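Below are the chains, spelled out letter by letter.
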Amino acid sequence: MGPWTATLLGPAPPAPGPDPAAELLDCARRLAFVRWLDQARATRLTLVPGLEHPGDPAQPDYDHRH
């Protein structure tokens, strides 16, 4: 045998991935906009009796079919 020595190294550290901060910020912005839009629509909209959406579960006869 020769005069060589071997050193066992541990597994290589994982490569750093992309920073998730930008994606999380985009998600937070979309969520804030949707909440603002829902609130703005709720304050500006007036439902007219008889013209509700037929599938709205808040209405008493929402499952009525023709």
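This text goes with the structure placed above it.
These numbers come from a predicted model, not from an experiment.

With that settled, the discussion passes to the overall build of the protein. The helix and strand inventory of the protein stands at one helix and zero strands. With 66 residues in all, the protein has 3% of them scored as buried. When the accessible surface of the protein is totalled, it reaches about 6900 Å², and 64% of it is carbon and sulfur.

To continue, consider a nonpolar patch on the surface. Where nonpolar side chains cluster on the molecular surface, the patch consists of Phe33, Val34, Trp36 and Leu37 and spans about 400 Å² of accessible area. The class for Phe33 is partly exposed, based on a relative accessible area of 48%.

Rules used throughout
Residues numbered from 1 in each chain as written. Predicted model: local features only at pLDDT ≥ 70, side-chain atom pairs only at ≥ 80, totals over all residues. Heavy atoms only, no water. Helix = DSSP H or I, 4+ residues; strand = E, 2+ residues; numbered from the N terminus. Buried < 20%, exposed > 50% of the residue type's maximum accessible area, 1.4 Å probe, protein only. Areas by Shrake-Rupley, 256 points an atom, 1.4 Å probe, with all protein chains shown as cover. Patch = residues over 30% accessible without salt bridge, like charges linked within 9 Å, V, L, I, M, F, W, Y side chains within 5 Å. Salt bridge = Lys/Arg side-chain N within 4 Å of Asp/Glu carboxyl O.

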